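Summary of structural features
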Amino acid sequence: MAVLNKIRQRSLILIFVIAMALFAFVIGDLFKNSTAFSGGSQDVVATINGKDINRNEFQQKVKNYQDRSGGRQTSTQSMNTIYNQELRKIVLETEADELGLSVEKDEMRDLLKNSFSSYPEFQDENGNFDVNRLNAFIANLKDLNGEAAPLGNFMVNYDSWTNNEQAIAANAVQQTYYNMIKAGVGTTIAEAKDEYLADAKTVDIRYVQIPYTTIADSLVEVSKSEIKAYMDKHKDTYETEATTEVVYVEFKEEASKADEEKIKADLLALKTDKQEYNESSKNTETIPGFDSATDIEEFVNSNSDIKYSDSFLRAAELPATVKDTLLKLNVGDYYGPYKDGEYYKLSKVVAKKQMPDSVKVRHILIPNIGGQRADPSVTKTPEEAKKTADSILAKINSGTKFMDLLELSSDKVSNEKDGEIEFDYRAGMAPEFKAYAFDNEVGDIDVVQTSFGYHVIEILDQTSFNQTVKLATLADEIEPSDETLQEVFNKMSKFEIAAKDGDFNELAKERDLTVKPITFKELDENIPGLGSQRNVVRWAFEEDTEVGDFKNFPISNFGFIVAKVVDKREKGMMSTEDASITALPEIRKEKKAKMIREDITATTVADIAKNQGQSARSAAAVTINNTTLSGAGVEPKVVGAAFGLEEGATSKPIDGEKGVYVVEVTKINEATELDNYTSIMNRLNSERRNTIQSKVLTALEDAAEIEDNRAKTVY
């Protein structure tokens, strides 16, 4: 009672403490997880030119895209695709709005006519587009209050129809915008003439090259301030996004040697019968082994990770390392356990047979509704198609010639060759078709069902007979045991604990673990060899994750990694250390060029070559469009300088890609001017207009005001 009285006496204090704790929790969560104090929103994926991309709508579009792609795209790839689509859409809408571009009612009807004139629902009795039927269809959709109606092979409701109308209108506006820009893009006669002369006019030159390699790198000092100045001069090259550098070690969940030995022993144990006590019958029963099993297929399917195959296999279809051994075995012989990829296998020879590698058949195909590649004219059900195929077979068996019935076949390609098809066992034919052709004998004819429909197949020829073997194979996937998995987890946990106070690299070295570095950008997702690991990237960029922090991550179908953040760099200029990798060689080249120029005292190519210990070279028929200089490589500045000289003139020293050059023009080969440059103008017009769309989009995206919150909202 005394304790309760004290609590009652201090109830106000207790309420205040609880309230402050809750307030701290909420405020802390706001600072940690929200952008409320910076004006952002967790529901906005990005803001482009003042227009928000809503998070829920964005994620629905991503889901729809992933569904359409059939799982071939990762979630991050899908998000990037949809983001880029939304970005293009918004920047183009911004331009269209500023220009006052829109689709009016009459134009919209014309667009719908172009899109849907082939649909029977919108055609009159003469097959012409009827706008009244279109209006009636739209009105009916509206009256259905969200329910769908058929249109062609699709079901549409009013919302999906209006969305489609909006997409058609948007595409029309975009096309108008592009057409306006294309109309302003052209080529002048002067430009066409320059284009012609760039290939037709040539010069012959003599030149001397003093390579930069004549001066050792050790003789050229470069300071950090010079690297910084070079970076400032080439800002576009050295500006970087925010990055985080991480190192990690791997703990693979893979089978140990002991695990593999047990797998092999378990496979061998399946050969012999075993005694097993049956709780129901209270008797000890004999469970047949591989040796005595009467139903081989059932035995394999009950004891193997790979189902039984009743096919005869050729040498090329057997595991490469054991194919010769398997083909030499007698019926009833075993081989194994042997390793084949991710499995240990024990194989028993069930049968052997000489089989052809190639066949020649002819067939008549009767397709059915829903069959692969069946066109809209196909109306037979599977039952009706089989009945037709059976009647064709009956006619052939009663004496009607196969050729006389070919017109009934829907396979127009083979019909042109009397219905004949030649293929080998590796051909990508329908499995049932291939099996019949190879497993039966020349002269056999029967009806065979495939995904295409029903075939009447006659085997005409079989060639290149070779030994084949039918195997009953028990396969056991090579997987780590529970003990091994626990051991891997323990090793990972011990490493993580030790890393709290120890050196990450040294601990890895002591345990024979390889430390792997990787640098992430905020929207990255992949780790080489481990695939999409977005959770690692997200953790690395969290505000609470600091340099030196580490964490373990489970990796699906792999095991674990322990990752450590070693560096976090804000968006901006690259560090001088990182920039020096590319800046240093360029700065050295500039300094060497200056040193070489200062050392040149002669004025002719021959004298300069002699004084510099180099050889004078010649290059004939040099064109302005081809900047490759014979004997020197690609040197655009040198070739350009040559075309600026008079015949017989010698250039001043030119700083090239691989050295300093002095050029003498020995001959100018003028081109014969054309009477008409129209064809060149047309070609240039076409080339330039074909690149308009991509260039315009790039320019609009570069100029757009973009606040990208993807990493904080959906990734």
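This report concerns the structure included in the present document. (Residues numbered from 1 in each chain as written. Predicted model: local features only at pLDDT ≥ 70, side-chain atom pairs only at ≥ 80, totals over all residues. Heavy atoms only, no water.)

**Some details on the overall build of the protein chain**
- Of regular secondary structure, the protein chain possesses 25 helices and 26 strands.
- Each of the three principal axes of the protein chain carries a C-alpha extent, and together these read 105 × 105 × 75 Å.
- Looking at the protein chain as a whole, 35% of its 715 residues qualify as buried.
- The contacts of the protein chain with a sequence gap of at least 6 include a subset with a gap of at least 24, amounting to 65%.
- Accessible surface for the protein chain amounts to roughly 42500 Å². Of this, 48% is attributable to carbon and sulfur atoms.
- Distance between charge centroids for the protein chain: 3 Å, based on 86 positive and 121 negative side chains. (Helix = DSSP H or I, 4+ residues; strand = E, 2+ residues; numbered from the N terminus. Buried < 20%, exposed > 50% of the residue type's maximum accessible area, 1.4 Å probe, protein only. Contact = heavy atoms within 4.5 Å. Areas by Shrake-Rupley, 256 points an atom, 1.4 Å probe, with all protein chains shown as cover. Lys, Arg positive; Asp, Glu negative; His and termini not counted. Charge placed at Lys NZ, Arg CZ, Asp CG, Glu CD.)

**Looking at the sheet that holds strand β7 (residues 243–252)**
- Read from one edge of the open sheet, four strands run β15-β7-β19-β18, paired in antiparallel fashion. Edge positions in the sheet fall to β15 (516–521) and β18 (550–555), since each has one partner strand and no second. Looking at each pair of strands side by side, their axes are set apart by 35° on average, direction ignored.
- For β7 and strand β19 (residues 559–569), the ladder comprises ten bridges, and the chain directions are antiparallel. Its bridge partner being in β19, Val246 is matched across the sheet by Val565. (Pairing = 2+ DSSP bridges. Axes fitted to C-alpha atoms, helices over the stretch in contact; angles between N-to-C directions.)

**Focus: the environment of Lys571**
- The topology assignment puts Lys571 in the loop between β19 and β20 (572–573).
- With near-sequence residues (within four places) excluded, Lys571 lies in contact with Thr240, Glu241 and Ala242.

**Some thoughts on the nonpolar core**
- Of all hydrophobic cores here, the largest spans 25 residues; its most connected members are Ile48, Ile53, Phe58 and Tyr177.
- Here this core gets eight residues from one element, more than from any other, and that element is helix α4 (residues 75–99). (Core = buried A, V, L, I, M, F, W, Y, C linked by side-chain atoms within 4.5 Å.)

**Section: the sheet that holds strand β26 (residues 706–708)**
- Read from one edge to the other, the open sheet built from three strands follows the order β2-β1-β26, with strand pairing classed as antiparallel. Looking at the sheet topology across the chains shown, the edges are occupied by β2 (51–54) and β26. Averaged over all adjacent pairs, the angle separating strand axes in this sheet is 20°, with direction ignored.
- Pairing of strand β1 (residues 44–48) with β2, which is carried by four bridges, proceeds in the antiparallel orientation. Looking at the pairing, Val44 lines up with Asn54 of β2.

**A look at the packing of helix α5 (residues 105–116) against helix α7 (residues 158–183)**
- Following both chains from N to C, one finds α5 and α7 inclined at 105°, their axes separated by 10 Å at the closest point. In terms of axis orientation, α5 runs roughly perpendicular to α7. Residue-level contacts link Met108, Leu111, Leu112, Ser115 and Phe116 of α5 to Trp161, Asn164, Glu165, Ile168, Ala169 and Ala172 of α7.
- Looking at the contact of α5 with α7, its residues break down into eight nonpolar, two polar and one charged. (Parallel < 35°, antiparallel > 145°, perpendicular 65-115°, else oblique. Nonpolar A, V, L, I, M, F, W, Y, C, P; charged D, E, K, R; others polar.)

**A few points about α5**
- For α5, spanning twelve residues, the distance from its first C-alpha to its last is 16 Å, which sits close to the expected 16 Å at 1.5 Å a residue.
- Every buried residue belonging to α5 is among Met108, Leu111, Leu112 and Phe116, and all of these are buried. Down the axis of α5, the buried side of the element spans an arc of 110°, and every buried residue falls inside it. Opposite the packed face of α5, turned more than 90 degrees from it, sit the exposed residues Asp106 and Asn114.
- Contacts made by the buried residues of α5 are with α6 (131–143), β3 (149–151) and α7. (Expected span 1.5 Å × (residues − 1). Arc of directions from axis to C-beta.)

**What about the pattern of salt bridges?**
- Scanning the model with the defined rule gives 39 salt bridges in all.
- In this structure, the salt-bridge partner of Glu241 is Lys521, at a minimum N-O distance of 4.0 Å. With Glu241 in the loop between β6 (239–240) and β7 and Lys521 in strand β15, this pair connects stretches of sequence that are 280 residues apart.
- Members of the salt-bridge network, linked through shared partners, are Glu245, Asp567, Arg569 and Asp578. (Salt bridge = Lys/Arg side-chain N within 4 Å of Asp/Glu carboxyl O.)

**Quick notes on the layout of surface pockets**
- Size it by volume and the second largest pocket reaches roughly 850 Å³.
- Lining the second largest pocket are 26 residues, and of these Lys89, Glu93, Gln166, Ala167 and Ala170 lie nearest its centre.
- The set of elements that each furnish at least two residues to the lining of the second largest pocket consists of α3 (55–69), α4 and α7.
- Residues of the lining of the second largest pocket, tallied by class, amount to ten nonpolar, eight polar and eight charged. (1 Å grid on protein atoms, 1.4 Å probe; cavity = no way out; pocket = protein on both sides within 12 Å on 5 of 7 lines; lining within 4 Å. Points joined across faces, edges and corners; volume = space filled by probe spheres on them.)

**Observations concerning the packing of α6 against α7**
- Where α6 contacts α7, the axes come no closer than 8 Å and their chain directions differ by 130°. Taken together, the axis directions place α6 and α7 in an arrangement best described as oblique. The segment α6 lies against α7, with Leu134, Phe137, Ile138, Leu141 and Lys142 engaging Tyr158, Trp161 and Glu165.
- Broken down by class, the residue content of the contact of α6 with α7 amounts to six nonpolar, no polar and two charged.

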